[in-house]
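Inside the fold
Here are the chains, one letter per residue:
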Amino acid sequence: MDGEAFGSPGIAPTWSSSDKDFVTTALGNSRLWVTIGHGIINEIYWPSTGWPQFRDIGFYLLGAERWIDLKRVSRYTLSKPKPHLPLLTIVHDGEDYRLDIEVLPDPSRDTLLLRYDLSGPYRLAIIAAPHLGASGAANSASVEGNSLHASVLGQAVCIAASVAMKDMSAGFVGASDGWQDLQRHGRLTYAFQRASHGNVALTASFAEPRGVIAVGFAPAPTGARLLAVSSIAQGYDSIRATFLDRWQRWGGHLDLPAPSAALSEIAQTSATVLKTHEDRMFAGGIVASMSTPWGNTTDALGGYHLVWPRDAAMAAFAFLAAGEPHSARGILAHLIAAQQPDGHWAQNYFPNGNPYWTGVQLDETAFPVLLAAKGHEAGTPAPDGVPDMARRAVAWMARLGPASDQDRWEENPGISAFTVAVVIAALVAAEPWLEGAARDYALDLADDWNERVEEWCYVTGTPMAGELGVAGYYVRLAPPESDGGLAGRVELRNREGETILADCLVAMDFSWLVRLGLRQADDPRIRDTIKVADRVLRVETPSGAVYRRYNDDGYGEYDDGRPYDGNGVGRAWPLLTGERGHLALQGGEDPLEYLRTISRCASPGGLLPEQVWDAPAIPERGLFPGRPSGSAMPLVWAHAEFLKLLIARRDGRPVELLESVRRRYAEGPRRARFTRWRNEIPVRTLGPGRTLLIEDRRPFTLHLGFDGWQDVEEIEAAALPFGLFGVTIDPGRRAGHTTLEFTRRYGDRWEGRDHAVALAAEPAATTLVHRG
């Protein structure tokens, strides 16, 4: 069997499980990232964090009487020299064997080194599943001397070793791969030299009980072999010393509190996780996770190894808080380069800037501005391009807000308490880069929207409020006016089209009103909403109290443990425990227990998951209460949230709380000069002393009248900053009237509907005082 492997090329295998134990990379020229799960090598990413090239490399023990699949046995431990040194040792320990494997990315080459030491009556074997290219469906594999190869156009991998390799074979997954060989024959018998244009697997055993395995990547097979062999030739110990020295120099200066040894370890691990998720081919690009949620059930191209501007900014804020401004500056520079010409950012994108999902989330345009403003307040040098970035971002937010096509959970349109809070803060924070009329408009727009948050996102007197004994609460979001606003229903996107009344849908999103300084923690409305969240979203687990995204969420495993398949049951998110901890901190409590809860949700390798299982244990599916589910792990956002809460506990305030925003709203919402009417935010009643500004995104003529279309007149809209147009109706013009009616004409075309605004009676004498 020294020819072509048998079997159909088949379809691409699904990605490995998102249940990761560890992620590592080297600091240096290397463009290689490695994930470890179940005691084996999971995905290997190269030459960017957005491109997984390996499904896994499994470890097997071959004996005279039996063979052992170490992943299936799952008796292993993990260790590393220090929490901030991501040099992982995996130890598989059985009754008659012990296998130590140290996982070392070469800082100078695109090579992964695996040093192994095996004791017992066995020989080590590997079965590797390369997944080169976009899908891995057209890979070709071959045996070349003492090395294994796989390639697809422009991408190649070579597996070499410091010892003689035996039982070498190149086969097709599911037909002639090494696992099929072991299952059928109880030993490795295949010796196929080639497997062309399919989903391939590489198999080999090693003649010696100790040695070094090298996995090299390059655009062509000769280059991949050169890198693998040269890493071996340089010497493992030399490469290991360089790896540790660079990580030690990076992590040694981090400024992290240590309230306990356990929390200190998770803090150092969290900072390292953030750094390991940074791209080096496209510097500053931080992917959300080097995993694919429920990866055993999907072949999704993107997974979470994409840049979400929101998640990237969260990581940058954590870096700033931890005393690592250089990394934060790199993230901001990357975001500046990825900004779209119209001022917004793609929903997510590959680290090279190519969009993946193209939805619009307004908060993702606001966060880079907040990040730049944080650096400005701290006096740190800003990347070139910040002023232009901020001006274009503000223009986009001013034109499109306050409603967003998607909320932060990427599911529904409307006005979200989270999104509008972030946008308001960004409008204020952008002041250093705005001038004249643009500056005045942005600040007044922030004041207007801040005054009206409760109009859009707060409800009172609902059945839920009565049941929970509160006057009211902030909701997750108000649907668009066309869907009824707060009186409408929200589609639960992960629950097969079910809907829920908007005024019954709650989330932790309101917490950012407090975190960013728009509302105070002792505001009765905030306190009432905390009560609601603790009753509706909080789930008690053995790890502690963890919170769900919103009631009736469907993003998570089904109750029987089946993986999420587009529908399911939403589970608890450790990062939301961090948001609840920030609320506690700002309310004068010690958030220590929230930090402990998050830390107890971590994997054995210290990784924080997107979600934890929050129902009775299902051991056969690996699901245990308070422990990581099959969702993404590690989640950069979760690690960033933990770090930020830990440091906020020391500093007494959230890292995202900007002085400019805190000062502006320290005494509560400011009275805006203008109350803005837009299609998305109509004004039903205009208060006394208020000036109405009717706005649109294109020129128009306002056709208006009062008290049932009396005193009809027409006014041409004036140009406003940021490409907007508007007509003002000041108190003098409305005096003595009770209603305003209007419609608009765009050139020769009427909009086709009338609008009405009730005009509150003016007091006998009115004095308007504006702060600022």
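Residues numbered from 1 in each chain as written. Predicted model: local features only at pLDDT ≥ 70, side-chain atom pairs only at ≥ 80, totals over all residues. Heavy atoms only, no water.

This brings us to the overall build of the protein. Helix and strand content of the protein: 20 helices and 36 strands. At 29 Å, the protein has a C-alpha radius of gyration in line with the 28 Å of a compact globule built from 772 residues. C-alpha extents for the protein along the principal axes are approximately 100 × 55 × 50 Å. In the protein, buried positions account for 62% of the 772 residues. Contacts in the protein between residues at least 24 apart in sequence constitute 69% of all its contacts with a sequence separation of at least 6. Here the protein has roughly 27,100 Å² of accessible surface; of this, 50% comes from carbon and sulfur atoms. When the 76 basic and 94 acidic side-chain charges of the protein are each reduced to a single mean position, those positions are 3 Å apart. (Helix = DSSP H or I, 4+ residues; strand = E, 2+ residues; numbered from the N terminus. Rg over C-alpha atoms; globule rule 2.2 N^0.38 Å. Buried < 20%, exposed > 50% of the residue type's maximum accessible area, 1.4 Å probe, protein only. Contact = heavy atoms within 4.5 Å. Areas by Shrake-Rupley, 256 points an atom, 1.4 Å probe, with all protein chains shown as cover. Lys, Arg positive; Asp, Glu negative; His and termini not counted. Charge placed at Lys NZ, Arg CZ, Asp CG, Glu CD.)

Bringing the sheet that holds strand β25 (residues 544-548) into the picture now. Reading across from one edge, β24-β25-β26 is the order of the 3 strands in this open sheet, with antiparallel pairing throughout. Because the sheet does not close on itself, it has two edges, and the strands there are β24 (538-541) and β26 (572-573). One ladder, built from 2 bridges, connects β25 with β26; its direction is antiparallel. Within the sheet, the bridge partner assigned to Tyr 547 lies in β26 and is Trp 573. (Pairing = 2+ DSSP bridges.)

This next bit is on the pairing of strand β29 (residues 691-696). One face of the sheet, then the other: side chains in a regular strand alternate in exactly this way. Burial within β29 is extensive, with 6 of its 6 residues counted as buried. Along β29, one buried face is formed by Thr 691, Leu 693 and Glu 695 and the opposite face, lined by Leu 692, Ile 694 and Asp 696, is buried too. Sheet analysis places β29 next to strand β33 (residues 725-729), joined by 5 bridges and oriented antiparallel. For Ile 694, the partnering residue across the bridge sits in β33 and is Val 727.

By size, the foremost hydrophobic cluster in this structure holds 172 residues, and its most contacted members are Phe 367, Leu 370, Tyr 473, Phe 510 and Phe 642. In terms of residue count, helix α10 (residues 417-429) provides more of this core than any other element does, 12 residues in total. Setting aside residues up to four positions removed in sequence, Phe 367 forms contacts with Arg 310, Ala 313, Met 314, Phe 317, Phe 418, Val 422 and Trp 512. (Core = buried A, V, L, I, M, F, W, Y, C linked by side-chain atoms within 4.5 Å.)

The interhelical angle for the contact between helix α16 (residues 574-586) and helix α18 (residues 636-651), taken along N-to-C directions, is 20 degrees, at an axis separation of 9 Å. In this view, α16 runs roughly parallel relative to α18, as classed from their interaxial angle. Judged by the sense of rotation from one axis to the other, the crossing of α16 with α18 is left-handed. Side by side, α16 and α18 meet where Leu 575, Gly 578, Glu 579, Gly 581, His 582 and Leu 585 of the first sit next to Trp 637, Ala 638, Glu 641, Lys 644, Leu 645, Ala 648 and Arg 649 of the second. When the residues that make up the contact of α16 with α18 are grouped by side-chain class, the tally is 6 nonpolar, 3 polar and 4 charged. (Axes fitted to C-alpha atoms, helices over the stretch in contact; angles between N-to-C directions. Parallel < 35°, antiparallel > 145°, perpendicular 65-115°, else oblique. Left-handed = near helix turned anticlockwise from the far one by under 90°. Nonpolar A, V, L, I, M, F, W, Y, C, P; charged D, E, K, R; others polar.)

Let us now look at the packing of helix α17 (residues 592-600) against α18. In the contact formed by α17 and α18, the axes pass within 10 Å of each other and the chain directions differ by 155 degrees. Between α17 and α18, the angle falls in the class roughly antiparallel. Of the two elements, α17 crosses α18, and the hand of that crossing is left-handed. Counting all contacts with α17, which are made through Leu 592, Tyr 594, Leu 595 and Ile 598, the residues of α18 involved are Phe 642, Leu 645, Leu 646 and Arg 649. The residue makeup of the contact of α17 with α18, split by class, is 7 nonpolar, no polar and 1 charged.

Let us look at the pattern of salt bridges. Under the definition given, this model contains 62 salt bridges. With a closest N to O distance of 2.9 Å, Asp 614 and Arg 571 form a salt bridge. Of the two residues, Asp 614 is situated in the loop between α17 and α18 and Arg 571 in the loop between β25 and β26; the sequence distance between them amounts to 43 residues. Judged by relative accessible area, which is 12%, Asp 614 ranks as buried. On the basis of relative accessible area, Arg 571 is assigned to the buried category, the value being 1%. (Salt bridge = Lys/Arg side-chain N within 4 Å of Asp/Glu carboxyl O.)

Once that is clear, we can look at the packing of aromatic side chains. Under the criterion given, the structure shown has 27 aromatic pairs. Geometrically, the ring pair formed by Phe 418 and Trp 512 is edge-to-face, given 5.4 Å between the ring centres and 80 degrees between the ring planes. One end of the pair, Phe 418, is in helix α10; the other, Trp 512, is in helix α14 (residues 511-515), with 94 residues separating them in the sequence. The residues Phe 418 and Trp 512 share a single accessibility class, namely buried. A connected cluster of aromatic rings, assembled from ring pairs, spans Trp 294, Trp 409, Tyr 555, Tyr 564, Trp 573 and Trp 637. (Phe/Tyr/Trp six-rings, centres within 6.5 Å; stacked < 30°, edge-to-face > 60°.)

What follows is about the side chain of Glu 324. Within the fold, Glu 324 resides in the loop between α6 (309-321) and α7 (325-338). Buried and without a salt bridge, Glu 324 has Lys 275 as its closest oppositely charged side chain, separated by 4.7 Å. With near-sequence residues (within four places) excluded, Glu 324 lies in contact with Trp 250, His 253, Leu 254 and Phe 319.

For the rest of this paragraph, the subject is the confidence of the model for the protein. Averaged over every residue, the pLDDT of the protein is 94; the share at 70 or more is 96%. Contacts for the low-pLDDT stretch residues 10-18, under 50 throughout, to residues beyond four places or in other chains number 46 contacts. Counting interchain partners and residues more than four positions distant, the pLDDT-below-50 stretch residues 766-772 has 13 contacts. (pLDDT = per-residue confidence, 0-100.)

Attention shifts here to the environment of Asp 384. Within the secondary structure layout, Asp 384 lies in the loop between α8 (362-378) and α9 (386-400). Here Asp 384 falls in the exposed class, since its relative accessible area comes to 76%. Residues Asp 384 and Ile 336, spaced 48 residues apart in sequence, show a C-alpha to C-alpha distance of 9.0 Å.

Note that Ser 205 resides in strand β16 (residues 200-206). Engagement of the side chain of Ser 205 in a polar contact is seen with the side chain of Arg 123, the distance being 3.0 Å. Side chain to side chain, Ser 205 and Asp 167 meet in a polar contact 2.6 Å long. Every residue in contact with Ser 205, bar those within four places of it in the chain, is listed here: Leu 62, Arg 123, Leu 124, Ala 125, Ala 164, Met 165, Lys 166 and Asp 167. (Polar contact = N/O pair within 3.5 Å; in protein donor to acceptor, adjacent residues only side chain to side chain.)

Attention now goes to the sheet that holds β33. Judged by pairing direction, the sheet is mixed, and its 4 strands sit side by side in the order β27-β29-β33-β32 without closing on themselves. Strands at the two margins of the open sheet, each flanked by one partner only, are β27 (674-677) and β32 (718-719). Across 4 bridges, β27 lies against β29 in parallel orientation. Residue Phe 674 lies in a different strand from β29, and its bridge partner there is Thr 691. Packed on one face of the sheet, helix α11 (residues 436-451) meets β27 and β29 and runs near 80 degrees to β27.

Here we take up helix α3 (residues 221-234). The terminal C-alpha atoms of α3, which comprises 14 residues, lie 20 Å apart, in line with the 20 Å expected from a rise of 1.5 Å per residue. Buried residues of α3: Ala 224, Leu 227, Ala 228 and Ser 231, and no others. Take α3 and look down its axis: the buried residues cluster within an arc of 90 degrees, on one side only. Exposed side of α3, more than 90 degrees from the buried face: Thr 222, Leu 226 and Ala 233 are the residues found there. Gly 235 sits one or two residues past α3 and shows a positive phi near 110 degrees. (Expected span 1.5 Å × (residues − 1). Arc of directions from axis to C-beta.)

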